[in-house]
Amino acid sequence: MNRFKVALGSEDDFVEMWRSRDSYLESVPGFKKFDLLRGATNEEFTLFASHSIWESREAFENWTKSEAFRKAHANAGAGKTVYLGPPQFEGFAAVDLKKS
């Protein structure tokens, strides 16, 4: 998951950047699902998160080293007026809650 602090008034531009880009995720082994999440708005920014689900940590790490990743992020700097700082990465692993 990456958290983005989006400048007030730039929320629609931020969403459109995601809507119009090709992520190349569907071509990457181990990819399962992607969601763009909108969080709370405060007096400084609106919080968004890009959330992806992978078969394994290894599949995710392979994605970050792939040509597909480079292509998907080629224009990442184009939204500098929309973001308040770089995205903040947060990695999580699913916890199996089934009793053994």
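In the block above lies the structure referred to throughout.
An account of the accompanying structure is given in this report. (Residues numbered from 1 in each chain as written. Predicted model: local features only at pLDDT ≥ 70, side-chain atom pairs only at ≥ 80, totals over all residues. Heavy atoms only, no water.)

### Description of the sheet that holds strand S4 (residues 88-89)
The strand order S2-S3-S1-S4 describes an open sheet built from four strands, whose pairing is antiparallel. Two strands bound the open sheet, and with one partner strand each, they are strand S2 (31-41) and S4. Of the strand pairs in this sheet, S2 and strand S3 (residues 45-54) are connected by eight bridges, and their pairing is antiparallel. Note on S3: the bridge partner recorded for Phe31 is Trp54. (Pairing = 2+ DSSP bridges. Helix = DSSP H or I, 4+ residues; strand = E, 2+ residues; numbered from the N terminus.)

### What to know about the packing of aromatic side chains
The full count for this structure, using the stated rule, is 12 aromatic pairs. With a centroid separation of 6.0 Å and 25 degrees between ring planes, the pair formed by Trp54 and Trp63 is classed as stacked. Exposure class is identical for Trp54 and Trp63. Each is buried. Through a chain of ring-to-ring contacts, three or more aromatic side chains come together here, namely Phe4, Phe14, Trp18, Phe34, Phe48 and Tyr83. Positioned above the aromatic ring of Trp18, the side-chain terminus of Arg21 is 4.5 Å from the ring centre. (Phe/Tyr/Trp six-rings, centres within 6.5 Å; stacked < 30°, edge-to-face > 60°. Buried < 20%, exposed > 50% of the residue type's maximum accessible area, 1.4 Å probe, protein only. Lys NZ or Arg CZ within 6 Å of the ring centre and 35° of its normal.)

### Section: the side chain of Ser10
Within the element layout of this structure, Ser10 appears in the loop between strand S1 (2-7) and helix H1 (11-20). When near neighbours in sequence (up to four residues on either side) are disregarded, Ser10 contacts Thr81 and Val82. (Contact = heavy atoms within 4.5 Å.)

### A closer look at the pairing of S1
Strand direction decides the pairing type here: S1 and S3, joined by six bridges, are antiparallel. Note on S3: the bridge partner recorded for Arg3 is Ala49. Here S1 pairs with S4 via two bridges, running antiparallel. Residue pairing across strands places Arg3 opposite Gln88, the latter belonging to S4.

### A few points about the side chain of Glu11
Within the secondary structure, Glu11 sits in helix H1. Arg38 provides the closest opposite charge to the buried, unpaired Glu11, separated from it by 4.3 Å. Among the polar contacts made by the side chain of Glu11, one reaches the main-chain amide nitrogen of Gly9 at a distance of 2.9 Å. Polar contacts involving the side chain of Glu11 include one to the side chain of Thr46, which spans 2.6 Å. (Lys, Arg positive; Asp, Glu negative; His and termini not counted. Salt bridge = Lys/Arg side-chain N within 4 Å of Asp/Glu carboxyl O. Polar contact = N/O pair within 3.5 Å; in protein donor to acceptor, adjacent residues only side chain to side chain.)

### Focus on the environment of Lys5
Note on placement: Lys5 falls in strand S1. Expressed as a C-alpha distance, the spacing of Lys5 and Val82, which sit 77 residues apart in the sequence, is 8.5 Å. For Lys5, the contacting residues outside a window of four places in its chain are Phe45, Thr46, Val82, Tyr83 and Leu84.

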